[in-house]
Amino acid sequence: MSDIAERVKKIVVDHLGVEESKVVENASFIDDLGADSLDTVELVMAFEEEFGVEIPDDAAEKILSVKDAIDFIKANAAA
Amino acid sequence: MRRVVVTGLGMVTPLGVGHTLNWERLISATSGIRGITGFDASDLASKVAGQVPRGTGEGDFDADTFVSPKDQRKMDDFILFAIAAAQEAIKDSGWIPQTDEERERTGVMVGSGIGGLPGIADGAVTLNEKGPRRLSPFFIPACLINLASGHISIQHGFKGPNHAVVTACSTGAHAIGDAARLIMWDDADVMVAGGTEAAVSRLGVGGFAAMRALSTGFNDTPEKASRPYDKDRDGFVIGEGAGVVVLEELEHAKRRGATIYAEVVGYGMSGDAHHISAPAEDGNGGFRAMKAALKRAGLNPSDIDYVNAHGTSTPLGDEIELGAVKRLFGDAMDNLAMSSTKSAIGHLLGAAGAVEAIYSIKAINHGIVPPTLNLENPSESCLGVNLVPKVAQERRVRAALSNSFGFGGTNASLVFKEFA
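Quantities reported herein were computed from a predicted structural model and do not represent experimental measurements. (Residues numbered from 1 in each chain as written. Chains lettered and ligands numbered in written order. Predicted model: local features only at pLDDT ≥ 70, side-chain atom pairs only at ≥ 80, totals over all residues. Heavy atoms only, no water.)

Section: the overall build of chain A
So, step 1. Across its full length, chain A carries 4 helices and 0 strands.
So, step 2. Each helix and strand of chain A, ordered N terminal to C terminal, gives the series α-α-α-α.
So, step 3. Relative to the globule expectation of 12 Å for 79 residues, the C-alpha radius of gyration of chain A, 11 Å, shows essentially globular dimensions.
So, step 4. By its C-alpha atoms, chain A is 30 × 25 × 20 Å across when sized along the principal axes.
So, step 5. Taking all contacts inside chain A whose residues are at least 6 apart in sequence as the whole, residues at least 24 apart take part in 54%.
So, step 6. Of the roughly 4,500 Å² of accessible surface on chain A, 49% is carried by carbon and sulfur atoms. (Helix = DSSP H or I, 4+ residues; strand = E, 2+ residues; numbered from the N terminus. Rg over C-alpha atoms; globule rule 2.2 N^0.38 Å. Contact = heavy atoms within 4.5 Å. Areas by Shrake-Rupley, 256 points an atom, 1.4 Å probe, with all protein chains shown as cover.)

Shown next, in the form of structure tokens:
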């Protein structure tokens, strides 16, 4: 499970070009990590690729923080 | 009419990054043409190109210097090159607006002939292989031509006119001429203007090769491939890069003690109304563009010491341009130096007019005209014309004219004059 959290954080670090220390679980992509709306779309795509899940648009709109992403993937990724 | 001068220069070309280094390499007869690297060219008819040298050595292009790795994913190379050239030109000019009004009086007009062709090619593959949900949200803004101007304005906070020219191989010249007019008309005091291109890709080379426009006979000797006016020329060599200048209203430049490289005195435009890619045989389009530029400048042909030719190294185009220059200049040909710097860097398409404008300005500043490389056996029509074969020449250049002609029959000529 912690493996999922680490992989999510690595994607966020790579895509948003932010320091690893800032990517804590309750960090908001837009408010804390400097993402814009297009960045968040790209992030969701990266999560889909990494974890082999499909994240529908209505679910993607609710993934606003690192924790949101980890929770969604834990609940939906294939074991 | 308000007068417009050039106060900043910036460039990224196959000869490297930076206008000082470019000039040193250009006048020492260095070629930036190499065998194509970075993608498979084995099945392409033309395997040579003027590619921007990448790396961290002297004059190499290192994208990280200009844009963070995170943001590089949001832009195709034509935008990266434009940002780099603009950063140099703006720094060179020393213009850093301090007030909102100053920012609102500073605009950007950087165009491109083709824009994000490599990005569009990749996007099409993604669409076909993986479907629309895998298209990046940055695909469109990374490829849109006016996003070069957009990024430059965002990076520097320039809130004046934000515009982009798209006139194929005349783009860079039109952008500088049109931006100068925006200043003349008082729409802005300072304009960052130029052209950028990065279409050296499988789709770009394949497309131009399909038109039979590219050199194919020098794949084993790339440095010999671009040879304007030479009997053995067999098509243009595709190139990439960007040229950007800072244009400024004369009194504005004087007040802040800016270095003035030259004055933009002439700009002429015309259309061939003839063919989608071939120039009209009589050269009338180029002739009228040059004539209009001289008229606007209030100069006679005998006042022009140097012509930077469009001279792409195609069998037809070079002769037609030379014929037009001869008709316009008449007896003034005796004292004229005319060269094609595409012999050293290839044809930078939408960036060509801006890069060549900068070379023309440097010719004025340094009293040196750059050479036409590989001009070993000039065509008969070249007899008696000083095409500056192979070696640069020292001579005073009071004023220089730079020609750019594009597909669709679009022609632009710029005239720069020494600023005394």
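The rest of the description comes next.
A look at helix α3 (residues 77-93) of chain B
All names here are of chain B.
So, step 1. The first and last C-alpha atoms of α3 sit 24 Å apart over 17 residues, in line with the 24 Å expected at 1.5 Å per residue.
So, step 2. Among the 17 residues that make up α3, 12 are buried, leaving the element largely enclosed by the rest of the structure.
So, step 3. Along α3, the residues that are buried comprise Phe78, Ile79, Leu80, Phe81, Ala82, Ile83, Ala84, Ala85, Ala86, Ala89, Ile90 and Ser93.
So, step 4. Phi for Gly94, located one or two positions after α3, is positive at around 75°. (Expected span 1.5 Å × (residues − 1). Buried < 20%, exposed > 50% of the residue type's maximum accessible area, 1.4 Å probe, protein only.)

A closer look at the UniProt feature "domain: Ketosynthase family 3 (KS3)" (unreviewed entry) in chain B
So, step 1. Residues given the UniProt feature "domain: Ketosynthase family 3 (KS3)" (unreviewed entry) here are residues 1-418 of chain B.
So, step 2. The span residues 1-418 of chain B shows a helical share of 34% and a strand share of 19%, and its end C-alpha atoms are spaced 19 Å apart. (UniProt positions renumbered as here; feature names shortened; annotations may be inferred.)

Topic: the interface of chain B and chain A
So, step 1. Between chain B and chain A, the contact holds 10 residues from the first and 16 residues from the second.
So, step 2. When chain B packs against chain A, the two sides together hide about 1,100 Å² of surface, and 44% of this comes from carbon and sulfur.
So, step 3. Counting the contacts that link chain B with chain A gives 8 residue pairs in polar contact (both at pLDDT 80 or more).
So, step 4. Split into classes, the residues belonging to the side of chain B that touches chain A amount to 3 nonpolar, 1 polar and 6 charged. (Buried area = accessible area lost by both parts, 1.4 Å probe. Polar contact = N/O pair within 3.5 Å; in protein donor to acceptor, adjacent residues only side chain to side chain. Nonpolar A, V, L, I, M, F, W, Y, C, P; charged D, E, K, R; others polar.)

Here's the deal with the side chain of Ser360 of chain B
Residues and elements named next belong to chain B.
So, step 1. Here Ser360 lies in helix α14 (residues 352-366).
So, step 2. For Ser360, a relative accessible area of 0% translates into the label buried.
So, step 3. Sequence-distant contacts of Ser360, defined by excluding residues within four places in its chain, comprise Tyr306, Asn308, Ala400 and Ser402.

Looking at the UniProt feature "modified residue: O-(pantetheine 4'-phosphoryl)serine" (unreviewed entry) in chain A
So, step 1. The feature "modified residue: O-(pantetheine 4'-phosphoryl)serine" (unreviewed entry), as given by UniProt, occupies Ser37 of chain A in the numbering adopted here.
So, step 2. Among the secondary structure elements, Ser37 of chain A is positioned in helix α2 (residues 37-51).

Let's talk about the packing of helix α1 (residues 19-27) of chain B against α14 of chain B
Residues and elements named next belong to chain B.
So, step 1. Following both chains from N to C, one finds α1 and α14 inclined at 75°, their axes separated by 11 Å at the closest point. Between α1 and α14, the crossing angle belongs to the class labelled roughly perpendicular. Across from His19, Thr20, Asn22, Trp23 and Leu26 in α1, the residues of α14 making contact are Ile358, Tyr359, Lys362, Ala363 and His366.
So, step 2. Grouping the amino acids of the contact of α1 with α14 by side-chain chemistry returns 5 nonpolar, 4 polar and 1 charged. (Axes fitted to C-alpha atoms, helices over the stretch in contact; angles between N-to-C directions. Parallel < 35°, antiparallel > 145°, perpendicular 65-115°, else oblique.)

Quick look at the nonpolar core
Residues and elements named next belong to chain B.
So, step 1. Val6, Ile176, Val245, Leu247, Tyr359 and Phe416 are the most contacted members of the largest nonpolar core, which has 50 residues in total.
So, step 2. Setting aside anything within four residues of it in sequence, one finds Val6 in contact with Val245, Val246, Leu247, Thr259, Ile260, Tyr261, Ala262, Val264, Ile361 and Phe416.
So, step 3. Counting 32 residues, the second-largest nonpolar core is a separate cluster that includes Leu80, Ala89, Val110 and Val190. (Core = buried A, V, L, I, M, F, W, Y, C linked by side-chain atoms within 4.5 Å.)

A look at the confidence of the model for chain A
So, step 1. Mean pLDDT over chain A works out to 93, with 95% of the residues at or above the 70 mark.
So, step 2. The weakest mean pLDDT in chain A belongs to helix α1 (residues 2-16) of chain A at 93; the strongest belongs to helix α4 (residues 66-76) of chain A at 96. (pLDDT = per-residue confidence, 0-100.)

Considerations on the environment of Trp95 of chain B
All names here are of chain B.
So, step 1. Looking at where Trp95 falls in the secondary structure, it is placed in the loop between α3 and α4 (100-104).
So, step 2. On a C-alpha basis, the gap between Trp95 and Ala258 in space is 8.3 Å, while along the polypeptide they are 163 residues apart.
So, step 3. In this structure, Trp95 is in contact with Ile90, Glu102, Thr106, Val190, His252 and Arg256, ignoring residues within four places of it in sequence.
So, step 4. At 3.0 Å, the side chain of Trp95 and the side chain of Thr106 are in polar contact.

Here we look at the pairing of strand β1 (residues 4-13) of chain B
All names here are of chain B.
So, step 1. Burial within β1 is extensive, with 10 of its 10 residues counted as buried.
So, step 2. Where β1 meets strand β9 (residues 262-271), 2 bridges bridge the pair, whose relative direction is antiparallel. Paired with Val5 across the strands is Glu263, a residue of β9.
So, step 3. With 2 bridges connecting them, β1 and strand β2 (residues 16-17) associate as antiparallel partners. Residue pairing in the sheet places Val12 in a bridge with Val17 of β2.
So, step 4. Hairpin connection of β1 to β2: 2 residues between the antiparallel strands. (Pairing = 2+ DSSP bridges.)

Some remarks on unusual backbone geometry
Residue and element names in this part refer to chain B.
So, step 1. Its identity as a non-glycine residue notwithstanding, Tyr229 has a phi of 70°, on the positive side.
So, step 2. Of note in the backbone geometry, Asn374 takes a positive phi value of approximately 65° without being a glycine.
So, step 3. Looking at the secondary structure, you find Asn374 in the loop between β12 (368-369) and β13 (393-394).

Overview of α4 of chain A
So, step 1. Within α4 of chain A, the full set of buried residues consists of Val66, Ala69, Ile70, Phe72 and Ile73 of chain A. Along the axis of α4 of chain A, the buried positions cluster into a sector of 165°, meaning they face one direction only. (Arc of directions from axis to C-beta.)

Here we look at the packing of aromatic side chains
So, step 1. Overall, the coordinates contain 5 aromatic pairs over all chains when judged by the stated rule.
So, step 2. Plain terms: the ring middles of Phe29 of chain A and Phe47 of chain A are 6.5 Å apart, the flat faces sit at 40° to each other, and that makes the pair tilted. Within this pair, whereas Phe29 of chain A is found in the loop between α1 and α2, its partner Phe47 of chain A is found in helix α2, the two being separated by 18 residues in sequence. Take Phe29 of chain A and Phe47 of chain A: they sit in the same class, and that class is buried.
So, step 3. Pairing Phe61 of chain B with Phe66 of chain B gives two aromatic rings, centres 5.5 Å apart and planes at 15°, and the pair type is stacked.
So, step 4. Grouping aromatic residues by their ring pairs yields a cluster made of Phe61, Phe66 and Phe81 of chain B. (Phe/Tyr/Trp six-rings, centres within 6.5 Å; stacked < 30°, edge-to-face > 60°.)

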